[in-house]
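In case you want the letters, here they are:
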Amino acid sequence: MGFFEKIKAGLTRTKENIGHSFDQLFAGELNDDFYDELEETLILGDMGVDTTMKAVEELRRRVKAEKIKDMEGARTCLRRVLTDMLQVGEPALKLDTTPSVALFIGVNGVGKTTTIGKLSARMKGEGHRVLMAAADTFRAAAADQLEIWSERSGVELVRQYEGADPADTAGRLHNKQNLMNELNKISRVVDRELPGCDRETLLVLDATTGQNGLIQAKQFKEAAGITGIVLTKLDGSAKGGIVIAIAQELQVPVKFIGVGEGIDDLMPFEAEKFVEALV
């Protein structure tokens, strides 16, 4: 199954939530009522009020400028608007040096360990040598779960004893100053040991949390200087529009999305195909 087919399948719940509204919308007339109903539909898909208003205003502008009169033209134009809003920064991982470092951060339960395992398997399949490092030793199950994924994906793992100090974040967000201190400590160690190496700091978010995920992302961006977003559990969410809200409001690229439980169901993000599947 290719990217488009997996995305389309992964957006099933979102489509069930807003798809009927889209069909009704684009079966009507291109007038003020259409734009009002479009706003409601996009907000229902969890794009957020600010991002939705920006998208609809830009659609109005382009429809007028391009003298679009028919609904199919408006639908195509909406796809272009949403695609442009998603194209923020560089969606591809920049890990060109040998070695390179990818840090994964996020609150508990969003799928960090699973994401690390799936991405490790992908990178090994592309010919890279991958080493996992367990940095959540305060939560006993975390390193054990990572060990399972290292075996499943066939890559090496380094871990310390439970309770060791790996400059652990453990997904804790209740004290942002402590979080920042721990993340800064990891960064200092990487800078000291691997000066000049490529580094990605990837925030893992659970798509099913919708706008709560956006709040998390804003807090982590402030604390950690994230370079990209990994959005997990998109197949279980009726809130696929959150992808656009996150990219637009944070100006941080979505780099991967999770659309299933399989080891190959973590996929590089492609804005145009995502929007085509959504709208």
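Residues numbered from 1 in each chain as written. Predicted model: local features only at pLDDT ≥ 70, side-chain atom pairs only at ≥ 80, totals over all residues. Heavy atoms only, no water.

> Hey, could you run me through the overall build of the protein chain in this one?
When helices and strands are tallied, the protein chain shows 11 helices and 7 strands. Across the 279 residues that make up the protein chain, the buried fraction comes to 49%. Across the protein chain, every contact between residues at least 6 apart in sequence was considered, and the portion connecting residues at least 24 apart equals 74%. In the form shown here, the protein chain has an accessible surface area of approximately 13,500 Å², with 49% of it arising from carbon and sulfur atoms. (Helix = DSSP H or I, 4+ residues; strand = E, 2+ residues; numbered from the N terminus. Buried < 20%, exposed > 50% of the residue type's maximum accessible area, 1.4 Å probe, protein only. Contact = heavy atoms within 4.5 Å. Areas by Shrake-Rupley, 256 points an atom, 1.4 Å probe, with all protein chains shown as cover.)

> Please explain the sheet that holds strand β5 (residues 228-232) as it appears in this structure.
Strands belonging to one sheet form pairs held by backbone hydrogen bonds; the direction of such a pair is parallel or antiparallel. Pairing is mixed in the open sheet, where 5 strands are placed in the order β1-β4-β5-β6-β7. Each of the sheet's edge strands pairs with one partner strand only, and the pair in question is β1 (101-105) and β7 (266-268). Here the average twist between neighbouring strands, direction ignored, is 25 degrees. With 5 bridges joining them, strand β4 (residues 199-206) and β5 adopt parallel strand pairing. Note on β5: the bridge partner recorded for V204 is V230. Helix-sheet contacts for helix α6 (residues 112-125) involve β1, β4, β5, β6 (254-258) and β7, and the interaxial angle to β7 is about 60 degrees. Against the sheet, helix α10 (residues 242-250) contacts β4, β5 and β6, and its axis sits at roughly 165 degrees relative to β5. (Pairing = 2+ DSSP bridges. Axes fitted to C-alpha atoms, helices over the stretch in contact; angles between N-to-C directions.)

> Just checking my understanding: could you explain the pattern of salt bridges for this structure?
Pairing between side chains becomes possible if they bear opposite charge and their charged atoms approach one another. Tallying each qualifying case throughout the model produces 13 salt bridges. In this structure, E66 and R80 form a salt bridge, with 2.6 Å as the shortest nitrogen-oxygen distance. With E66 in the loop between α4 (49-65) and α5 (71-86) and R80 in helix α5, this residue pair connects regions lying 14 residues apart in the sequence. With a relative accessible area of 33%, R80 lands in the partly exposed category. Across the pair K273 and E270 runs a salt bridge whose closest N-O atoms are separated by 3.6 Å. Assessed through its relative accessible area of 34%, K273 is described here as partly exposed. (Salt bridge = Lys/Arg side-chain N within 4 Å of Asp/Glu carboxyl O.)

> Even after reading the chapter, I still don't get a negative patch on the surface, so can you show me in this structure?
Negative charge collects at one region of the surface, where D33, D36, E37 and E40 lie side by side. The residue D33 is located in helix α3 (residues 32-44) in this model. (Patch = residues over 30% accessible without salt bridge, like charges linked within 9 Å, V, L, I, M, F, W, Y side chains within 5 Å. Lys, Arg positive; Asp, Glu negative; His and termini not counted. Charge placed at Lys NZ, Arg CZ, Asp CG, Glu CD.)

> I tried to follow the side chain of T51 on my own but got confused; where do I start?
With respect to the helices and strands, the residue T51 is situated in helix α4. The exposure class of T51 is buried, given its relative accessible area of 2%.

> For this particular structure, what's the right way to read the environment of R199?
Turning to its location among the elements, R199 is positioned in strand β4. The exposure class of R199 is partly exposed, given its relative accessible area of 26%. Measuring from C-alpha to C-alpha, the distance between R199 and S187 comes to 9.5 Å, with 12 residues separating the pair along the chain. Each residue touching R199, except ones within four places of it in the same chain, is listed here: K94, V101, L103, S187, V190, D191 and T227. A distance of 3.3 Å separates a polar atom in the side chain of R199 from a polar atom in the side chain of S187. There is a polar contact of 2.3 Å between the side chain of R199 and the side chain of D191. (Polar contact = N/O pair within 3.5 Å; in protein donor to acceptor, adjacent residues only side chain to side chain.)

> Would you mind showing me how to read the packing of α4 against α5 here?
Geometry of a packed helix pair, given as the angle between the helix axes and the separation of the axes. At their nearest, the axes of α4 and α5 sit 9 Å apart, and the two run at 130 degrees to each other. Comparing their axes, α5 and α4 come out oblique. Relative to α5, α4 is oriented so that their crossing is right-handed. Contact residues: α4 offers T51, K54, A55, E58, L59, R62 and V63, while α5 offers A74, C77, L78, R80, V81, L82, D84 and M85. When the residues that make up the contact of α4 with α5 are grouped by side-chain class, the tally is 9 nonpolar, 1 polar and 5 charged. (Parallel < 35°, antiparallel > 145°, perpendicular 65-115°, else oblique. Left-handed = near helix turned anticlockwise from the far one by under 90°. Nonpolar A, V, L, I, M, F, W, Y, C, P; charged D, E, K, R; others polar.)

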